[in-house]
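Tertiary structure, described
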Amino acid sequence: MDLVPFGHSSPGESTNISDSESEDETKLPLNQFYPYIRCALCCGFLIDATTVTECLHSFCKSCIVKHFFSSNRCPTCSTVVHQTQPLYNIRPDRKLQDIVYKMVPFLEELEREEMYNFYTDRGLEVPKSVFVTSPPAAKKQRKDTAPQSASSIPAELDVSLLLEFVGAEDGISDYKPLDRPYVRVSGEATVRHVELFIRKKMQLGPTCQVDVVCGDHLLDRYQSLKEVQNFVGQEALQDGLLVLHFGLVLPAED
Ligand SMILES: [Zn+2]
Ligand SMILES: [Zn+2]
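Residues numbered from 1 in each chain as written. Chains lettered and ligands numbered in written order. Predicted model: local features only at pLDDT ≥ 70, side-chain atom pairs only at ≥ 80, totals over all residues.

In the annotation of an unreviewed UniProt entry, the protein is listed under the name Polycomb group RING finger protein 6 and assigned to Cynoglossus semilaevis. In UniProt, the protein has this text filed under Subunit (unreviewed entry): "Component of a PRC1-like complex. Interacts with BMI1/PCGF4, RING1 and RNF2. Interacts with KDM5D. Interacts with CBX4, CBX6, CBX7 and CBX8." Quoted verbatim from the Subcellular location (unreviewed entry) heading of the UniProt record, the comment on the protein is "Nucleus". (UniProt positions renumbered as here; feature names shortened; annotations may be inferred.)

Shown next, in the form of structure tokens:
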């Protein structure tokens with residue numbers, strides 16, 4: 001099977017991209033694949049494709065995480081994903097995401113560019129992960145003024161966290177409760193630091209993984225809390241506290 005490039009929907013017409021190898025194979029227009037590469041929640045092409053392990057339906061990571069804040073059923077087939085913690089039964093689907101990127105040219109590049117602009121518009125340092133393939137070096141500009149915190153709390157401890165435990169995956173049982181959910185830290189601290197803090201306080205074993213969510217965003221370890229706060233915005237804050245939900249999961253078999 002050969003895929004017709006995006007925006008090219010006439011099966012008979014010859015193209016200089018794909019006609020050399022498969023004259024006798026049927027060419028299918030991209031929109032025939034839409035049910036498999038689009039997210040039923042936002043109707044866009046999948047971003048961070050994430051699959052429900054119970055029924056194998058896939059959605060954007062941010063879309064499905066948000067959905068599970070108000071429901072424990074799959075949006076497509078209504079299967080109960082997990083009685084109480086549906087987030088434990090979703091897995092990143094890198095193969096599917098690769099397919100989406102291959103079928104929809106420029107999507108990956110666009111997404112990268114959006115992320116790049118997101119950071120530079122705010123005068124933030126662009127994380128290395130944004131530059132996996134082609135850094136838009138020409139656009140790089142130095143901003144000398146970092147965004148100033150509006151609060152008057154000393155700069156080194158300028159973020160107040162509320163850490164809310166949402167539960168542990170089946171099979172994880174030996175942990176101590178987190179007795180103080182309120183923590184004041186530097187905005188320069190990263191999600192990784194929060195994770196280490198939780199690990200230490202809850203005495204977690206090395207096989208247990210900590211997933212940290214803010215609003216509807218599953219956070220990456222390299223993100224600083226300042227970035228998280230700027231990125232998620234007002235919905236992340238509750239009485240001036242940055243609210244992070246975290247759960248304990250077993251590492252995905254990959
Ligand atoms: Zn989506
Ligand atoms: Zn489903």
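Here the narrative resumes.
Describing the overall build of the protein
For the protein, the count of helices and strands is six helices and 11 strands. Partitioning the contacts of the protein with sequence separation of at least 6, the portion at a separation of at least 24 is 59%. (Helix = DSSP H or I, 4+ residues; strand = E, 2+ residues; numbered from the N terminus. Contact = placed C-beta atoms within 7 Å.)

What about the UniProt feature "domain: RING-type" (unreviewed entry) in the protein?
Feature annotation in UniProt assigns "domain: RING-type" (unreviewed entry) to the following positions: residues 39–78. The span residues 39–78 shows a helical share of 18% and a strand share of 18%, and its end C-alpha atoms are spaced 15 Å apart.

With respect to the environment of Thr 53
Among the secondary structure elements, Thr 53 is positioned in the loop between β3 (49–52) and β4 (58–60). Residue classification places Thr 53 among the exposed residues on the basis of 12 C-beta atoms within 10 Å. Taking C-alpha positions, Thr 53 is 5.6 Å from Ile 90, a pair spaced 37 residues apart along the chain. When sequence neighbours within four positions are dropped, the list of residues in contact with Thr 53 reads Asn 89, Ile 90 and Arg 91. (Buried ≥ 20, exposed ≤ 12 C-beta atoms within 10 Å, placed from the backbone.)

Some thoughts on the sheet that holds strand β5 (residues 90–92)
Note: strands within a sheet are paired through backbone hydrogen bonds, in either parallel or antiparallel orientation. Strands sit in the order β4-β3-β5 across an open sheet of three strands; the sheet is antiparallel. Pairing within the sheet leaves two strands with one partner each, and these edge strands are β4 and β5. Sheet twist, expressed as the average angle between the axes of neighbouring strands with direction ignored, equals 35°. For β3 and β4, the ladder comprises three bridges, and the chain directions are antiparallel. For Thr 50, the partnering residue across the bridge sits in β4 and is Phe 59. In the packing of helix α3 (residues 94–103) onto the sheet, contacts are made with β3, β4 and β5, and the angle to β3 comes to roughly 135°. (Pairing = 2+ DSSP bridges. Axes fitted to C-alpha atoms, helices over the stretch in contact; angles between N-to-C directions.)

What to know about helix α5 (residues 191–202)
Between its first and last C-alpha, α5 extends 16 Å over 12 residues, near the 16 Å set by a 1.5 Å rise per residue. Within α5 the residues assigned to the buried category are Val 191, Val 194, Ile 198 and Met 202. Each buried residue of α5 lies within a common arc of 55° when the element is viewed along its axis, so the set occupies one face. If you follow the buried residues of α5, they end up packed against β6 (159–168), β8 (209–214), α6 (225–232) and β11 (241–249). (Expected span 1.5 Å × (residues − 1). Arc of directions from axis to C-beta.)

Things to note about α6
Where α6 is concerned, the buried positions are Leu 225, Lys 226, Glu 227 and Val 228. Buried residues in α6 make contact with β6, β7 (182–185), α5, β8 and β11. Residue Gly 233 follows α6 closely and has a positive phi angle near 80°.

With respect to the confidence of the model for the protein
Here the protein averages 76 in pLDDT, and 75% of its residues register 70 or above. Within the model, pLDDT remains below 50 along residues 1–23, and this stretch shows 22 contacts once partners closer than five positions in the same chain are excluded. Scored below 50 in pLDDT, residues 132–155 makes 13 contacts in the model with residues more than four places away or belonging to other chains. (pLDDT = per-residue confidence, 0-100.)

Remarks on the nonpolar core
Counting residues in hydrophobic clusters, the biggest one holds 33 residues, and the most contacted among them are Leu 46, Cys 60, Ile 64, Val 212, Leu 219 and Leu 244. Put simply, the parts of the chain that give this core at least two residues each are β3, β4, α2 (61–67), β6, α5, β8, α6 and β11. Per element, the largest residue contribution to this core is four residues, and it comes from α5. (Core = buried A, V, L, I, M, F, W, Y, C linked by C-beta atoms within 7 Å.)

Regarding the pairing of β8
Of the strand pairs in this sheet, β8 and β11 are connected by five bridges, and their pairing is antiparallel. Bridged to Val 212 within β11 is Phe 246. Joining the antiparallel neighbours β8 and strand β9 (residues 217–218) is a turn of two residues, in which Gly 215 adopts a positive phi near 60°.

Digging into the environment of Leu 107
Looking at the secondary structure, you find Leu 107 in helix α4 (residues 107–121). In this structure Leu 107 comes out as partly exposed when scored by C-beta crowding, with 19 C-beta atoms within 10 Å. Sequence separation between Leu 107 and Ile 47 is 60 residues; the distance between their C-alpha atoms is 9.0 Å. Apart from the residues within four sequence positions on either side, Leu 107 is in contact with Phe 45, Val 100 and Tyr 101.

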